[in-house]
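Here is what each chain is made of, one letter per residue.
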Amino acid sequence: MDNDIQSLNKQAEIYSRELEGIISEVHRVIIGQEDVVEKLLLALVADGHVLLEGMPGLAKTLMIKTLSDTIEASFRRIQFTPDLLPADITGTRMYNQHTCSFTTKKGPIFANFILADEINRAPPKVQSALLEAMQERQVTIADESHLLDRPFLVMATQNPIETQGTYELPEAQVDRFMFKVLLDYPTQRQEQEILSMIAGGSIPDIRKTITPSRIIEFQKFNHHIYMDEKISKYITDIVQATRKPEQYGLPVKDFIEYGASPRASIYLALGGKAKAMLSGRGYVIPEDIKSVAGDVLRHRIILTYEAMAEDVTADKLISSILERVPVP
């Protein structure tokens, strides 16, 4: 076992340097937001998707575009609007009068990186057009199923201040996102750096640093990162605490309508492994799980009206759970 761990550590160190190179390249354009950029990369390594929420103007669109620019991969931006149709995303069958036959015209979903910009501006029927692609990595048009290229990452954005003309994402769809990441304003110093770069016209060109096939290697290796049974139990304890908090001595039962789904356990494990790889380790430690717990659980804990009335947020509940659940 020791030899296996050492071998995993050596490979993880190699991959970690390459991942750090991607992060460094992204930060040539993106000032600050270190945690958000890291979570995007962890989701890519873990083969998941990200829901990004933040105020307008915080470079949500630029962030995913910059990340895709560091990889020799295709990128598509889909602006979600109330008049968008599912076929505008997935594609459709078109009749060719010259050949008297139907041909398939693929939509913008057929790319490695998808930016679903302001996803809550489109009605549920359009939002659901993403579900098959996100879960099955394929798209069905008419009676034909088409596999999507790997890697495949959907980053959806929404801002929390606009409710008029928007459609809240159903819980079932939100659950398909590995992370829900919250963006905050940059610090004053960071904003000064942004001003200097943008106003001075000195936005650097992003270099291609890695190939899609290498990203697929990362994703395959991520499954081989060692995770002890104690860590597995720690993960399930955290998730169980969202469903049966009274068993863990947490007086928050009246605040939680529904606890986290089994996808939470899966993504805590995969996210913890990705964090270990980024840290150059071939094994998972409790701190890896803690570092991704907030972003994995935030959108999976459904609060009661009482919690909303008393200003109890999912993040506060998650902090309480992490403090109470025993760390192995």
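Residues numbered from 1 in each chain as written. Predicted model: local features only at pLDDT ≥ 70, side-chain atom pairs only at ≥ 80, totals over all residues. Heavy atoms only, no water.

Draft legend 1. Seen up close, the environment of alanine 307. Note that alanine 307 resides in helix 13 (residues 305–309). The class of alanine 307 is buried, set by a relative accessible area of 0%. Sequence-distant contacts of alanine 307, defined by excluding residues within four places in its chain, comprise Phe255 and Val312. (Helix = DSSP H or I, 4+ residues; strand = E, 2+ residues; numbered from the N terminus. Buried < 20%, exposed > 50% of the residue type's maximum accessible area, 1.4 Å probe, protein only. Contact = heavy atoms within 4.5 Å.)

Draft legend 2. Looking closely at the packing of aromatic side chains. Under the criterion given, the structure shown has two aromatic pairs. Among the aromatic residues, those joined into a ring-pair cluster are Tyr15, Phe218 and Phe221. A cation over a ring is seen here: lysine 106 above phenylalanine 110, with NZ or CZ 4.9 Å from the ring centre. Above the ring of tyrosine 283, the side-chain terminus of arginine 281 is found at 5.6 Å from the ring centroid. (Phe/Tyr/Trp six-rings, centres within 6.5 Å; stacked < 30°, edge-to-face > 60°. Lys NZ or Arg CZ within 6 Å of the ring centre and 35° of its normal.)

Draft legend 3. Structural view of the packing of helix 10 (residues 229–243) against helix 11 (residues 262–278). Axis separation between helix 10 and helix 11 bottoms out at 9 Å; the angle between their running directions is 150 degrees. As judged from the angle between their axes, helix 10 and helix 11 are roughly antiparallel. Considering the relative orientation of helix 10 and helix 11, their crossing is right-handed. For the pair formed by helix 10 and helix 11, the contact residues are Ile235, Ile238, Val239 and Arg243 on the first element and Pro262, Ala264, Ser265, Leu268 and Ala269 on the second. Of the residues contributing to the contact of helix 10 with helix 11, the split by class is seven nonpolar, one polar and one charged. (Axes fitted to C-alpha atoms, helices over the stretch in contact; angles between N-to-C directions. Parallel < 35°, antiparallel > 145°, perpendicular 65-115°, else oblique. Left-handed = near helix turned anticlockwise from the far one by under 90°. Nonpolar A, V, L, I, M, F, W, Y, C, P; charged D, E, K, R; others polar.)

Draft legend 4. A look at the packing of helix 9 (residues 212–222) against helix 11. Close contact between helix 9 and helix 11 brings their axes to 10 Å; oriented N to C, the two are set at 115 degrees. Read as a crossing pair, helix 9 and helix 11 show a hand that is right-handed. Taking contact as the criterion, the partners of Phe218, Phe221 and Asn222 in helix 9 are, on helix 11, Leu270, Lys273, Ala274 and Met277. By residue class, the composition of the contact of helix 9 with helix 11 is five nonpolar, one polar and one charged.

Draft legend 5. Region of interest: the nonpolar core. Judged by nonpolar contacts, the single largest core of 78 residues is most densely connected at Leu67, Phe113, Phe179, Ile238 and Leu268. A total of nine residues in this core trace back to one element, the largest contributor, which is helix 11. With residues up to four places along the chain from it excluded, the contact list for phenylalanine 113 reads Leu44, Ile64, Leu67, Ser68, Ile71, Ala73, Ser74, Phe75, Arg76 and Leu153. With 26 residues, the next largest nonpolar core counts Ala133, Val139, Ile141 and Phe152 among its residues. (Core = buried A, V, L, I, M, F, W, Y, C linked by side-chain atoms within 4.5 Å.)

Draft legend 6. Just the sheet that holds strand 1 (residues 50–53), in detail. The five strands are arranged 2-5-8-1-9 in an open sheet whose pairing can be described as parallel. Two strands close off the open sheet at either side, each with one partner strand: strand 2 (75–79) and strand 9 (179–182). Across this sheet, the average inter-strand angle for adjacent strands is 20 degrees, counted without regard to direction. Across five bridges, the pairing between strand 2 and strand 5 (residues 113–117) is parallel. Following the sheet pairing, phenylalanine 75 is matched in strand 5 by phenylalanine 113. Where helix 2 (residues 34–45) meets the sheet, it contacts strand 1, strand 5, strand 8 (153–158) and strand 9, and its direction lies at approximately 170 degrees from that of strand 9. (Pairing = 2+ DSSP bridges.)

Draft legend 7. Looking closely at the pairing of strand 6 (residues 138–141). Taking every second residue as pointing to the same face, the buried face of strand 6 carries Val139 and Ile141, while none of Gln138 and Thr140 on the other face is buried. By the bridge criterion, four bridges tie strand 6 to strand 7 (residues 144–147) in an arrangement that is antiparallel. Bridging across to strand 7, threonine 140 finds its partner in serine 145. Between strand 6 and strand 7, which follow one another and run antiparallel, lie two residues, and alanine 142 among them has a positive phi close to 60 degrees.

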